[in-house]
Amino acid sequence: MRAPSYHRITAGPGFNRWIIPPAALAIHMCIGQVYGTSVYQSRLAGHFAEDPLVGIFGQILGPIFGGEHPAQTAVAFFAFSLSIVLMGLSAALFGKWVDYRGPRMAMLASTTFWITGFLVGSVGIFTQQLWLVGLGYGVIGGIGLGIGYIAPVSTLMKWFPDRPGLGTGMAIMGFGVGAMIAAPFSNMMLGVFGRMGIGEGFAVGYLFLTLAAIYAPMMLFAAWIIRVPAADWKPEGFDPEKRKKSSKMISAGNVTANNAVKTPQFWLLWVVLFVNVTAAVGLLPQAANVVQDFFRDETTGETFAHPEVAAVAAAGFVGYLSLTNTLGRFVWATTSDKIGRKPIYMMYLGLGAALYISLGTFGNTNMAAFIVLAGIILSFYGGGFATIPAYLKDLFGTLQVGAIHGRLLTAWSAAGITGPAIVNITLDSADGTAGMDLTAADYRPALFIMAGLLAVGFIANLMVRPVSKKWHEESKEAAAPATRPKDEESLVDTTPRVTPAGPPIVPIPVAWVIVSVPMLFGLTYTFINATQLFFPGA
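Residues numbered from 1 in each chain as written. Predicted model: local features only at pLDDT ≥ 70, side-chain atom pairs only at ≥ 80, totals over all residues. Heavy atoms only, no water.

Draft legend 1. Examining unusual backbone geometry more closely. Positive phi values are uncommon outside glycine, yet glutamine 128 reaches one of about 55°. With respect to the element layout, glutamine 128 can be found in the loop between helix H6 (103–126) and helix H7 (130–159). Exposure remark for glutamine 128: the relative accessible area of 40% places this residue in the partly exposed category. (Helix = DSSP H or I, 4+ residues; strand = E, 2+ residues; numbered from the N terminus. Buried < 20%, exposed > 50% of the residue type's maximum accessible area, 1.4 Å probe, protein only.)

Put into structure tokens, the structure is as follows:
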């Protein structure tokens, strides 16, 4: 059963599905800001240096997140890690609610939490209370982040049953682009506030207010234009039965979220997502340091170029990884429509493990090879995020795929802690400081550990089999229609039908322009930044 709020946005005949991707991109570009927090974390570290929580959390979390600067450790936790943890938890807790109420209600809820998080966080900055930043941006904002992440994904898969990888790739690519937009825009605004004489820490508070003012209308625009297809809708020329017969991994039935977590397939995919994210997220925060340390002469301690040139190239490396991560979300997810989800994860995990071993073994002997290998690895990381919803759809059907996806995202929360812990604990045993005097040898243990984790994920993916028909709700209803469980949001939709919603009063080209302009800004800026890696002296 679906709520009336779901049926009110059910599209009528002739609705053009190509207005739905802009809605998904709009919401994901806004919440993708969470990966742009590194721009202002050092400012907040100075702003909260005397906060009592800094000493407490700096000591507790130092071994996990790198403990040389307690203020930076505490701020990184309250202004980033906490929001990622709450994202996974809220996606798991509210996934069924999202499927029941529909994407518009979910997007409105996400907007409310996400914007409130910025407002409460800004109050914490202005009053210099770090716990308020954690409550606002970390907890409240994290809840909005989780709901907003899953809200459009299942909707896109319903609109693109013929190409679910393409649908999810478009949405989740927006999440990667969100950080590309937020980082340069935040730098620009912080410069403006600085010229106005506003202190570095307080400037972040005004930045929070600015981002809230920009994100609110964009997210409301997404909620306004979103629609869901009618139950019997399908793209012209698409034959669902033919697609199901094309691969034994594509389920002919639907599984509820409560039952999905009872299957081995769910937990195998949990492991797959966990290791794929862990392997990359541990090294991402160290990217600028890695590219300098990897090419440091172990005898002289000098990098491949002068220090100032090396710093520019390091910034370019971060931009380059952002591009490959984002493009991988779209390219690999779309490719999975052709070759299948299981085969493409074999590539992500198997080839990814080989690439990590290659980096650790001879990555420091040739910079061009190092750059190419690292870019491919990060494209697999992004592709893994974008492909997993379509994998879930293949195995469990579309009934509650949003809720199932939400529960699987707890793997992301766990990886967000495990990945940095592996790298930082490994580097803490080295004799030196990342970015200053470490060498490639100091990173090898972490790289080999990541390769081992990916190998575990590869085995888990090999073990994935089609879901048993005993979990299919259709099979249960056929066997005992009179005893259908009442505690599930059932497959048989008995809600009275309402008049189909008409198309939104926004031409499709206009909707695409609204999301394309900020996307082009972020992509162009990141591309220009990435060129510094190849032309550091320019």
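So much for the structure itself; the text now carries on.
Draft legend 2. Inspection of a nonpolar patch on the surface at higher detail. On the surface, Leu119, Phe202, Tyr206 and Leu209 cluster together into a nonpolar patch covering about 320 Å² of accessible area. Ranked by residue count, the leading element in the nonpolar patch is helix H9 (residues 200–225), at three residues. The residue tyrosine 206 is located in helix H9 in this model. Relative accessible area serves as the criterion here: at 37%, tyrosine 206 is assigned to the partly exposed category. (Patch = residues over 30% accessible without salt bridge, like charges linked within 9 Å, V, L, I, M, F, W, Y side chains within 5 Å. Areas by Shrake-Rupley, 256 points an atom, 1.4 Å probe, with all protein chains shown as cover. Salt bridge = Lys/Arg side-chain N within 4 Å of Asp/Glu carboxyl O.)

Draft legend 3. Just the confidence of the model for the protein chain, in detail. Counting all residues, the mean pLDDT for the protein chain is 85, and 87% of those residues have values of 70 or more. Note on residues 484–495: pLDDT under 50 across the span, and 27 contacts to partners over four residues away in sequence or across chains. (pLDDT = per-residue confidence, 0-100. Contact = heavy atoms within 4.5 Å.)

Draft legend 4. View of the packing of aromatic side chains. Tallied over the full model, the rule gives 31 aromatic pairs. Measuring from ring centre to ring centre gives 6.0 Å for phenylalanine 118 and tyrosine 215, while their planes differ by 45°; the resulting arrangement is tilted. One end of the pair, phenylalanine 118, is in helix H6; the other, tyrosine 215, is in helix H9, with 97 residues separating them in the sequence. Comparing phenylalanine 118 with tyrosine 215, the two get one shared label, buried. Put simply, the rings of Tyr35, Phe80, Tyr149, Phe175, Tyr381, Phe385 and Trp412 pair up and form one aromatic cluster. Over the face of the ring belonging to tyrosine 6 we find arginine 2, whose NZ or CZ atom lies 4.7 Å from the ring centre. (Phe/Tyr/Trp six-rings, centres within 6.5 Å; stacked < 30°, edge-to-face > 60°. Lys NZ or Arg CZ within 6 Å of the ring centre and 35° of its normal.)

Draft legend 5. Molecular detail of the packing of helix H15 (residues 341–362) against helix H16 (residues 367–396). Closest axis-to-axis distance for the H15/H16 pair is 9 Å, and the angle between their directions is 155°. Between H15 and H16, the crossing angle belongs to the class labelled roughly antiparallel. Where H15 crosses over H16, the handedness of that crossing is left-handed. Packed against H15, whose contacting residues are Arg341, Lys342, Ile344, Tyr345, Met347, Tyr348, Leu351, Gly352, Leu355, Tyr356, Ser358 and Leu359, the element H16 presents Phe370, Leu373, Ile376, Ile377, Phe380, Gly383, Gly384, Thr387, Ile388, Ala390, Tyr391 and Asp394 at the interface. When its residues are assigned to classes, the contact of H15 with H16 shows 16 nonpolar, five polar and three charged. (Axes fitted to C-alpha atoms, helices over the stretch in contact; angles between N-to-C directions. Parallel < 35°, antiparallel > 145°, perpendicular 65-115°, else oblique. Left-handed = near helix turned anticlockwise from the far one by under 90°. Nonpolar A, V, L, I, M, F, W, Y, C, P; charged D, E, K, R; others polar.)

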